[in-house]
Amino acid sequence: MSAEQQERIARKAITSCVSIARVPDQTGSARVVDVLGELLGVEFPDDIRGEMRIMPVAIGSGFIVSESHILTNNHVVEDADVTEVHFQAQRVGNIAVRRIATGRVIERDAVNDLALIKIEKGDVPFSPLSLAKKGSVRIGQHLIAMKNPRVNNFMGSSALVEGLGCMISTERGDPPAHNVMKLRVGSVQNGDSGSPVLNERGKVVGIMRAREKEGTSMGYAVNVEHAHTLLKRAGL
């Protein structure tokens, strides 16, 4: 795949990639406000206490798979059922406007590290990416690993398939995953988990899951066949 072809595919796909922020459980936010008041020696009025909340934390990526659904890694949203989904900025006149939507996790596959998010209000503002057929990846194939659109300054990185059917365990203590793709990737950064891996036709063949270890160019991606299974289970 030439550099020009890779750039063309990545530019077309970038609008379908999103950044995902976990929304923490707000039941503890009132206590946080009370502790803050004690430290400052003040008592916040009830209306202010009601407005104060623990802010979401940006932790991963995902991509659009339907008019109202986002696919990501389960470990990106494992501690929350509610998320914030940050879409690509759209230009309105001379102003760039970025839509942020609330999403809810409706399906999980903890073993294969996948999760499906449904946007709660309205449809997503961009087109979904298409999933490639099962078994469409081969060793030695050149792919494109997309990046977190808010964390990274570039859209995608070249990736070479070095292994199929691999089994991995992570330092997070997740259950071992089978049938994982091993990739030699130009760059894997924090926040890239959940980004799509694309073939030369711009179709999703995998979902970035983890890098081998700090400072290496090796990464792992969930095989697209597990995404097909999860979407079918959700009725998509």
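One can find the structure itself at the top, above this paragraph.
Only a predicted model underlies this, so the values are computations on that prediction, with no experimental measurement involved.

Turning our eyes to something else, we now look at the environment of N179. Note that N179 resides in strand β9 (residues 177-185). When the C-alpha atoms of N179 and C166 are compared, they prove to be 5.2 Å apart, with 13 residues separating the residues in sequence.

Further remarks concern the environment of F63. When you line up the elements, F63 lands in strand β2 (residues 57-66). For F63, a relative accessible area of 0% puts it in the buried group. The sequence separation of F63 and S195 amounts to 132 residues, and the corresponding C-alpha distance is 6.6 Å.

Let's shift gears to the nonpolar core. Formed by 22 residues in total, the largest nonpolar core has its most connected members in F63, L71, L131, M146, L198, I207 and A227. For this core, the secondary structure elements donating two or more residues are α1 (3-13), β2, β6 (114-119), β7 (142-146), β11 (204-211) and α4 (224-233). It is α4 that contributes the most residues to this core, four residues altogether. Core analysis: the second largest hydrophobic core is formed by 15 residues, I70, I117, I119 and F126 among them.

Below, the discussion takes up the sheet that holds strand β12 (residues 218-223). Sheet architecture is closed into a barrel: six strands sit in the order β7-β8-β9-β12-β11-β10, paired in antiparallel fashion. Each strand axis lies, on average, 45 degrees off the axis of its neighbour in the sheet, ignoring direction. The pairing of strand β10 (residues 196-198) with β11 spans three bridges and is antiparallel. Residue pairing in the sheet places P196 in a bridge with I207 of β11.

Here the focus is the side chain of D192. Looking at the secondary structure, you find D192 in the loop between β9 and β10. Engagement of the side chain of D192 in a polar contact is seen with the backbone nitrogen of N148, the distance being 3.1 Å.

The rules behind each value
Here the residue numbers are simple positions, counted from 1 along each chain's written sequence. At least 70 in pLDDT is required for a residue's local features to be given in this predicted model, at least 80 for side-chain atom pairs to be given and counted, and no such filter applies to totals for whole chains, interfaces and linings, which use all residues. By convention in this description, side-chain values take in all heavy atoms of the structure and omit both hydrogens and water. Secondary structure counts use DSSP, requiring at least four H or I residues in a row for a helix and at least two E residues in a row for a strand, with both numbered from the N terminus. Here the term buried applies to any residue with accessible area under 20% of the maximum for its type, exposed to any over 50%, and partly exposed to those in between, with areas from a 1.4 Å probe on protein chains only. The term nonpolar core refers to a set of buried residues drawn from Ala, Val, Leu, Ile, Met, Phe, Trp, Tyr and Cys, joined through side-chain atoms within 4.5 Å. When DSSP finds at least two bridges between two strands, those strands are taken to pair. To obtain each axis, a line is fitted to C-alpha atoms, and for helices this fit is confined to the stretch in contact; angles are then taken between N-to-C directions over 0 to 180 degrees. Polar contact criterion, stated in full: a pair of N or O atoms within 3.5 Å, where within protein one must be able to donate a hydrogen and the other to accept it, and residues adjacent in sequence count only if both atoms are side-chain atoms.

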